[in-house]
Amino acid sequence: MASIAIDSTNDVVIENNDLKLITGVDGVAQVLRQRLRVFRGEWFLDTREGLPYFEEVLKKNPNPVTVDSLFKNEILNSPGIIELQSFLLEINGRELSLKFTALTEFGILLFDEDL
């Protein structure tokens with residue numbers, strides 16, 4: 001699986017006047033980063049895509065079991081993911097921190113980001 005590389009500011013990476021492609025574990029991680037940041041209804045081509053942030057995550061006293069389940073399902077249904085080995089989701093006010101280890105088609109993915 002190859003994806004067009006994007007940098008930390010979500011701009012397309014261009015090297016030698018050509019789009020840079022990203023593959024392997026890094027490619028899987030980049031796709032996951034994008035999938036986990038899409039709000040349900042945000043993408044005009046398919047409003048069913050994305051996580052229900054407004055409905056389940058960004059509300060007063062979100063149910064931690066429901067929120068964990070939403071994120072785990074999104075991870076496990078992402079291309080290249082075989083197995084979720086560890087998972088820790090912390091919600092602190094408006095901050096959401098996600099740490100997990102997953103087995104991918106290309107090796108182990110260590111994910112640790114604030115969403």
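It should be noted that the structure appears before, not after, this text.
Residues numbered from 1 in each chain as written. Predicted model: local features only at pLDDT ≥ 70, side-chain atom pairs only at ≥ 80, totals over all residues. Heavy atoms only, no water.

Enquirer: Even after reading the chapter, I still don't get the overall build of the protein, so can you show me in this structure?
Expert: Scanning the protein from terminus to terminus reveals three helices and seven strands. Starting at the N terminus, the α and β elements of the protein follow one another as β-β-β-β-α-α-α-β-β-β. Relative to its length of 115 residues, the protein is compact, with a C-alpha radius of gyration of 15 Å against a globular reference of 13 Å. Contacts in the protein between residues at least 24 apart in sequence constitute 32% of all its contacts with a sequence separation of at least 6. Computed over 11 positive and 19 negative side-chain charges, the separation of the two mean positions in the protein equals 7 Å. (Helix = DSSP H or I, 4+ residues; strand = E, 2+ residues; numbered from the N terminus. Rg over C-alpha atoms; globule rule 2.2 N^0.38 Å. Contact = heavy atoms within 4.5 Å. Lys, Arg positive; Asp, Glu negative; His and termini not counted. Charge placed at Lys NZ, Arg CZ, Asp CG, Glu CD.)

Enquirer: Would you explain the pattern of salt bridges in this entry?
Expert: Side-chain pairs of opposite charge can arise whenever the charged atoms involved come near each other. Per the counting criterion, the structure on display carries six salt bridges. Between Lys59 and Glu56 there is a salt bridge whose closest N-O contact spans 3.8 Å. Taken together, the shared-partner salt bridges in this structure form one network comprising Arg33, Arg37 and Glu113. (Salt bridge = Lys/Arg side-chain N within 4 Å of Asp/Glu carboxyl O.)

Enquirer: Would you mind showing me how to read helix α1 (residues 24–36) here?
Expert: A turn of α-helix holds 3.6 residues, and therefore any two residues three or four places apart point the same way. The terminal C-alpha atoms of α1 lie 19 Å apart, and with 13 residues this matches the ideal 18 Å at 1.5 Å per residue to within 8%. Buried within α1 are the following residues: Gly24, Val25, Gly27, Val28, Ala29, Gln30, Val31, Leu32 and Leu36. (Expected span 1.5 Å × (residues − 1). Buried < 20%, exposed > 50% of the residue type's maximum accessible area, 1.4 Å probe, protein only.)

Enquirer: In this structure, what is going on with the packing of aromatic side chains? I would like to understand it.
Expert: The geometry of two aromatic rings is summed up by the distance between their centres and the angle between their planes. Overall, the coordinates contain four aromatic pairs when judged by the stated rule. Relative to Phe111, the ring of Phe100 lies with its centre 4.7 Å away and its plane at 15°, an arrangement referred to as stacked. Highlighted residues: Phe100 in strand β6 (residues 95–104) and Phe111 in strand β7 (residues 107–114), separated in sequence by eleven residues. Pair check on accessibility: Phe100 and Phe111 agree, each one buried. (Phe/Tyr/Trp six-rings, centres within 6.5 Å; stacked < 30°, edge-to-face > 60°.)

Enquirer: I would appreciate a short explanation of the environment of Asn17 in the present structure.
Expert: The residue Asn17 is located in the loop between β2 (14–15) and β3 (18–19) in this model. Judged by its relative accessible area of 80%, Asn17 is exposed.

Enquirer: Hey, could you run me through the sheet that holds β6 in this one?
Expert: Paired through backbone hydrogen bonds, the strands of a sheet run either parallel or antiparallel to each other. Taken together, three strands build an open sheet; the order of strands is β5-β6-β7 and the sheet is antiparallel. Of all strands in the sheet, those with a lone pairing partner are β5 (81–92) and β7, marking the two edges. Averaged over all adjacent pairs, the angle separating strand axes in this sheet is 5°, with direction ignored. With eight bridges joining them, β6 and β7 adopt antiparallel strand pairing. Looking at the pairing, Thr101 lines up with Leu110 of β7. The strands touched by α1 within the sheet are β5, β6 and β7, with β7 carrying the most contacts at an inclination of about 35°. Against the sheet, helix α3 (residues 64–76) contacts β5 and β6, and its axis sits at roughly 145° relative to β5. (Pairing = 2+ DSSP bridges. Axes fitted to C-alpha atoms, helices over the stretch in contact; angles between N-to-C directions.)

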